[in-house]
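Listed here are the chains, written in short residue letters.
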Number of protein chains: 2
Amino acid sequence: MQTPDLDQLDIAILACLQADARTIAETIGAKVGLSAAAVQRRIKRLREAGVIEREVAVLSPQALGLSMTFVVMVEMERENLAVLDAFRRQVLGDDCVQQCYYVTGSADFVLIVTCPDMAGFETFTRRMFFDNPNVRHFTTSVAMDRVKVGLNLPLGP
Amino acid sequence: MQTPDLDQLDIAILACLQADARTIAETIGAKVGLSAAAVQRRIKRLREAGVIEREVAVLSPQALGLSMTFVVMVEMERENLAVLDAFRRQVLGDDCVQQCYYVTGSADFVLIVTCPDMAGFETFTRRMFFDNPNVRHFTTSVAMDRVKVGLNLPLGP
DNA sequence: GCTGAAATGGCCTCACT
DNA sequence: AGTGAGGCCATTTCAGC
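This one's a predicted model, so the numbers in the text were calculated from it and none came from an experiment.

(A) Expanded view of the overall build of chain A. For chain A, the count of helices and strands is five helices and five strands. Ordered by position from N to C terminus, the α and β elements of chain A give α-α-α-β-β-α-β-β-α-β. Computed over the C-alpha atoms, the radius of gyration of chain A is 20 Å, more than 25% above the 15 Å expected from 2.2 N^0.38 for a compact globule of 157 residues. Considering only C-alpha atoms, chain A reaches an extent of 60 × 35 × 25 Å along its principal axes. Out of the 157 residues belonging to chain A, those deemed buried represent 49%. Put simply, 65% of the contacts in chain A that link residues at least 6 apart link residues at least 24 apart. Accessible surface computed for chain A: about 7700 Å², of which carbon and sulfur atoms make up 51%.

Structure representation (structure tokens):
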């Protein structure tokens, strides 16, 4: 990543695309005051520059039977690189883990986990935590409501 | 949401689209063993049924100068509906807040926050927490690494 | 260099089989 | 569900600013 000189037009285009990637160039052009061709040229440039990392379909967790979300704070036994890396790999390979952050503070990792039900989550905790001697402690919070699920980054000043 | 009878072909199509929403129907068809038109018919159905909620561009936080991510646990003063709803609205209107979950446990809310820098986060904490008498306590964890940022839901059995 | 207008080409859509 | 005609949209080209 090297060239993030984005003008206001780029920002406006990005705002449209992160709201709806299927917005046609003509519509965007009308909003930002550019021709459709110019919009598409900029989109192509933004893709190649990596400002637009990818374009994805957002699926409904409910429709897929994944109605439960959990926030889990994980504290590791000893913070050496090998242990942390092993846990990273385990997290990356587990489909239940939607997100994982390696953080400062009392916990080492924060996980956002989705499961079909409570039983699924128990199976998850077993394979992820109880079977892992390097996990000292974990704290689970059940998400009663997803107030905000951020896919959009704040744009503009 | 009422009609989640998805067969294996639907699942396979969804897997393609949540990896890359720009995958053309012909390519998907070759993978799953269907004609392009059949794939598009299914995609249309999945969109109308709400299984595909939307299609969005994923932007690079770095490219937009949002290099810092925080996990914040928030504890409210008194858990009455008015206070909680007010906080919800505040969260929804704040661009720094990427995600927010209302959870069980010692904390009431878990926030995922992105800011350009530490100063930006301090400004955020002031307007969101210190200026809010209903916030009893909050704990910040700085994300040193985004190990996994889940946009993909686990598909299949 | 970036823009807008027009021509080309690709993909989606729809009617029909 | 597959096939093919039609239409829409992205892409390229070219001239102008």
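Resuming the write-up.
(B) Local environment of the UniProt feature "domain: HTH asnC-type" (unreviewed entry) in chain A. Here, UniProt's "domain: HTH asnC-type" (unreviewed entry) annotation points to residues 6-67 of chain A. The span residues 6-67 of chain A is 55% helical and 13% strand by assignment, and the distance between its end C-alpha atoms comes to 39 Å.

(C) Structural detail: the protein's contact with DNA strand D. Taken together, the residues surrounding DNA strand D are Ile24(A), Ala25(A), Ala37(A), Gln40(A), Arg41(A), Lys44(A), Arg22(B), Ser35(B), Ala37(B), Ala38(B), Arg41(B) and Arg42(B). Backbone atoms, meaning sugar and phosphate, form 66% of the atoms of DNA strand D found within 4 Å of the protein. The side chain of Ser35(B) places a nitrogen or oxygen atom 2.8 Å from a phosphate oxygen of DNA strand D. Between DNA strand D and Arg41(B) there is a distance of 3.0 Å, counted from a base nitrogen to a side-chain nitrogen or oxygen. Secondary structure elements with two or more residues in the surface near DNA strand D: helix H3 (36-49) of chain A together with helix H3 (36-48) of chain B. Of the residues contributing to the surface near DNA strand D, the split by class is five nonpolar, two polar and five charged.

(D) Up close: the relation of the copies chain B and chain A. When chain B is fitted to chain A, the best match, at an RMSD of 0.1 Å, comes from turning it 180° and sliding it 0.1 Å along the axis. Taken together, these values place the two copies in the relation of a two-fold axis. In terms of proximity to the rotation axis, the leading residue of chain B is Val56(B), whose C-alpha is 2.8 Å off the axis.

Conventions used here
Residues numbered from 1 in each chain as written. Chains lettered and ligands numbered in written order. Predicted model: local features only at pLDDT ≥ 70, side-chain atom pairs only at ≥ 80, totals over all residues. Heavy atoms only, no water. Helix = DSSP H or I, 4+ residues; strand = E, 2+ residues; numbered from the N terminus. Rg over C-alpha atoms; globule rule 2.2 N^0.38 Å. Buried < 20%, exposed > 50% of the residue type's maximum accessible area, 1.4 Å probe, protein only. Contact = heavy atoms within 4.5 Å. Areas by Shrake-Rupley, 256 points an atom, 1.4 Å probe, with all protein chains shown as cover. UniProt positions renumbered as here; feature names shortened; annotations may be inferred. Near = heavy atom within 4 Å. Polar contact = N/O pair within 3.5 Å; in protein donor to acceptor, adjacent residues only side chain to side chain. Nonpolar A, V, L, I, M, F, W, Y, C, P; charged D, E, K, R; others polar. Least-squares fit on C-alpha atoms with pLDDT ≥ 70 in both.

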